[in-house]
Amino acid sequence: MEMVNLYINGKEVAAPTGSTIMQAADLAGIEIPRLCYDPDLSALGACRLCVVEVKGNRLLPASCVTPVMSGMEVFTESPAVIEARRTILELLVANHPLDCMTCDKLGACKLADYCYHYGVKESPFAGGEKHQYKCDDSNPFIIRDLNKCILCGACVRACEEMTGQDNLSYLYRGFHRKATTAGDVDYAQSDCVFCGQCVALCPTGALTEKTMAGQGRRWEIERVRTTCPFCGTGCNFDLAVKDGKVIGVLSNPDSPVNGRSLCVKGRFGWDFIYNEKRLTTPLIKKNGQFEAASWDEAFDLIAQKFNAIKDEYGPDSFAALSSARCTNEENYLVQKFTRAYMGTNNVDHCART
Amino acid sequence: MAEEMRILMRNYGKIDPLNIDDYLNAGGYKSLEKARSMSQKDLIEEVRKSGLRGRGGAGFNTGMKWNFSYSAVADQKYVICNADEGEPGTYKDRLIMENDPQSVLEGMAICGYAIGSNQGYIYCRGEYPYVVEILNTAIQQAKEKGVLGDFNIEVRMGAGAYVCGEESALIESIEGHRGEPRFKPPFPPVIGLWGKPTIVNNVETFANIPVILEKGADWYAGIGSKSYPGTKLMTLTGDIVKRTFIEVPTDITIRQLIYDFGGGIPEGKKFKAVQIGGTSGGFIPETLLDTLIDFDSMAAIGATLGSGAVFVMDETRDIVDVTNRITKFFEHESCGKCSPCREGTKRMHEIVDKINNGLGSATDLDLLGRLGTVMSKACLCGLGQAAPSPVLTTLQHFRSEYSNKL
């Protein structure tokens, strides 16, 4: 790979040709703040929080979209850069509800994190017009409070580029610009498929998981990585667990199959865990009625019946059909059991056809 | 006294703009013929040597720009004429298109040959529907005469957004998207319309091309200022005796512009300020009137030549009130894509409005200064970067007018 040498904060660093300044800084372990940049989305260059100073450039270019050049001298925390970032944060905060004390996103809110970092407590621009949008509470999965939207466009891009649903775009211009659905209708009335990618990528409290509302702050949540049980795709995600109880599902970017993408079932369809009607023990039919049994009793019964069938009618009287909702390991075990123990190749899988 | 020099407007009043024969009889399309007899490289070099710099406001060397597209390898390239003349007080492109539309088409066709493009678009301001008719008639006549050869030109109409005069927003608009700027690089000459190399030049820039080919690069380079040669079409508005247009060589001073050509301030009033280049231009006080109008001289005093609009204000004008109206304009015209422009133009207007209403304080002036400086450096496109200029320059040159209202 061809490399380019440049200087960031006086330190010589190397980055592959065609990298952005931000990528070069990331490689060198130099942190640059970012709101609209997301590695899974196309570049937008719009929040301008990642601006840096480049020697010889009268502007402060956005590091997320500015390519590196040989010998370039970049300053990521110069006084002009810090002043620009502070001012941009003050502008965003002037049009943002400061209800962080009750906001579910605190702890995972980039706006709050950067305000903390740059010491933006109050905005000198406050006191003017602020958005007064109605909160979209139209559906069981997502709370959409556009008063907290900073227009980074992550939701719009995620909907188009990750899900392919293209349900979101921008409405109006300037201060009235709004990232919303066609016709500005609530999610429930739109073409939303409730995959929740927009929620997963939103850097502020504008889009949050409804099930998690008021259930726990981000730093109280334990993340337990698991595989989705719904289908055979094998998506991974983190269960958000608080006090031993699942309160939601959060994307995990390290998931090899799906990255941060999930469908409505994986992200929001986990409430069956605590359904009262859920079976919690095996049931054995006795005298026409199902009765609760232990696993030992159940396995003994299965073994006895399987052996009886095999002895009486032969191995090929048996067939196993497994499910895409089982894991690869479980499916492997089904065919292994069928072939090695039952002695037949009558094994099939619902995903085969 | 300096004299007007009509190069762009050489056919003004002399030909019927709706009759291509008049243009042909005046030597029209001979330059295109000449261009096509040259190699593309030689043609681009000729344009570069003339020193012609973009007349839309950014002042980039036209030949160098063309060379970027010429050098880019692509199966399709485009030529776009930026006729989205949205700067308040500016009507020079309209004058050219109304009076000599064929000169623009010829300039575009020459560019098309130079870079290897067979498709041109004219993006015309939505408020100029009658100009669109003139252009379509002109294109039709040029096609019938066969003078354009295989170069095709279509007119696209804007819908009233000021930001669509910014070349990448203009390209987005032609593509059918929201009129919003793209980040640069990549620049349009390399990746432009539908991802292909695209030259976007202003109407006035294209109108200069045929005459440069006709009379030669050296002739053109010898007119006006060395670093920004040629003539500039200026439109005089506001408190000035002759509210009209003039075409002048670029080595005259602002004072000559206002007093020699414009006849000075009406009713014997005193001059207070002039804003040049459009509504994002800096305000220029009396003490700087001896500055030359060329691009670099204007940039050196924190002003612009821009579109060539000249907005003169006499002693009775309230600078803060005028600035307040300008900040309202930018609040309205921000597309909202980048945060410093979207939120910044809004707050800038709120703060200036507060001061204008006598409710401001000294800290507001400092805040305006900081906000303006940040916007001018950190905004995504030229709109947001230039929007604070009237505020910053009036704070610099007319601070007492602000202080008097605190």
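Below or above, wherever it landed, is the structure these notes cover. For clarity, every value in this text was computed on a predicted model and none was experimentally measured.

Parameters at a glance
- Starting from 1, residues in each chain are numbered consecutively following that chain's sequence as written.
- Labels follow written order: the first chain is A, the first ligand is 1, and so on.
- The model is predicted, so local features are restricted to residues of pLDDT at least 70 and side-chain atom pairs to those at 80 or more, both for listing and for counting; the totals for chains, interfaces and linings are taken over all residues.
- Only hydrogens and water are set aside when side-chain values are computed; all heavy atoms of the structure are taken into account.
- For each residue, the accessible area found with a 1.4 Å probe, counting protein chains only, is set against the maximum for its type, and the residue is called buried under 20%, exposed over 50%, and partly exposed in between.
- What counts as a helix is a DSSP run of H or I of at least four residues, what counts as a strand is a run of E of at least two, and both are numbered from the N terminus.
- At least two bridges found by DSSP between two strands is the condition for calling them paired.
- We call a crossover right-handed when, viewed with the strands running away from us, the connection from the first strand over the helix to the second turns clockwise.
- Only Phe, Tyr and Trp rings are paired, with Trp represented by its six-membered ring, and only when their centres lie within 6.5 Å; those with planes under 30 degrees apart are stacked, over 60 edge-to-face, the remainder tilted.
- The criterion for a charge sitting over a ring is simple: Lys NZ or Arg CZ within 6 Å of the ring centre, and within 35 degrees of the ring normal.
- Cavities and pockets were defined on a 1 Å grid built over protein atoms only: a cavity is a set of grid points that admits a 1.4 Å probe from which the probe cannot escape, a pocket is an open set flanked by protein on both sides within 12 Å along at least five of seven lines, and lining residues are those with an atom within 4 Å of any such point.
- Grid points are joined across faces, edges and corners, and a volume is the space filled by probe spheres set on the points.

So, on to the pairing of strand β2 (residues 119-124) of chain B. Within a regular beta strand, the side chains point alternately toward one face of the sheet and then the other, so they alternate between its two faces. Residue and element names in this part refer to chain B. Counting buried positions along β2 yields 6 of 6 residues, so the element is predominantly enclosed. Sheet analysis places strand β1 (residues 78-83) next to β2, joined by 6 bridges and oriented parallel. Bridging from a neighbouring strand, Val 79 pairs with Gly 120 of β2. Here β2 pairs with strand β3 (residues 152-157) via 6 bridges, running parallel. Bridge pairing in β3 links Gln 119 to Asn 152. The parallel pair β2 and β3, bridged by helix α7 (residues 129-145), forms a crossover whose chirality is right-handed.

Once that is clear, we can look at the packing of aromatic side chains. For the structure on display, the rule yields 21 aromatic pairs over all chains. Taken together, a centroid distance of 5.8 Å and an interplanar angle of 65 degrees make the contact between Tyr 78 of chain B and Trp 194 of chain B edge-to-face. One end of the pair, Tyr 78 of chain B, is in strand β1; the other, Trp 194 of chain B, is in the loop between α8 (167-174) and β4 (198-202), with 116 residues separating them in the sequence. The buried category is assigned to Tyr 78 of chain B, whose relative accessible area is 11%. Of the aromatic side chains, those joined through ring pairs into one cluster are Phe 141, Tyr 187, Phe 194 and Phe 268 of chain A. Above the plane of the ring of Tyr 274 of chain A lies Lys 245 of chain A, whose end atom (NZ or CZ) is 4.9 Å from the centre.

Time to look at the layout of surface pockets. Of the pockets and cavities examined, the second largest pocket occupies roughly 690 Å³. If you go around the second largest pocket, you meet 25 residues; those closest to its centre are Leu 44 of chain A together with Glu 172, His 177, Glu 180 and Lys 337 of chain B. Going through the elements one at a time, α4 (154-163) and β6 (168-171) of chain A together with α8 of chain B are the ones with two or more residues in the lining of the second largest pocket. Tallying contributions element by element places α4 of chain A first for the lining of the second largest pocket, with 4 residues.

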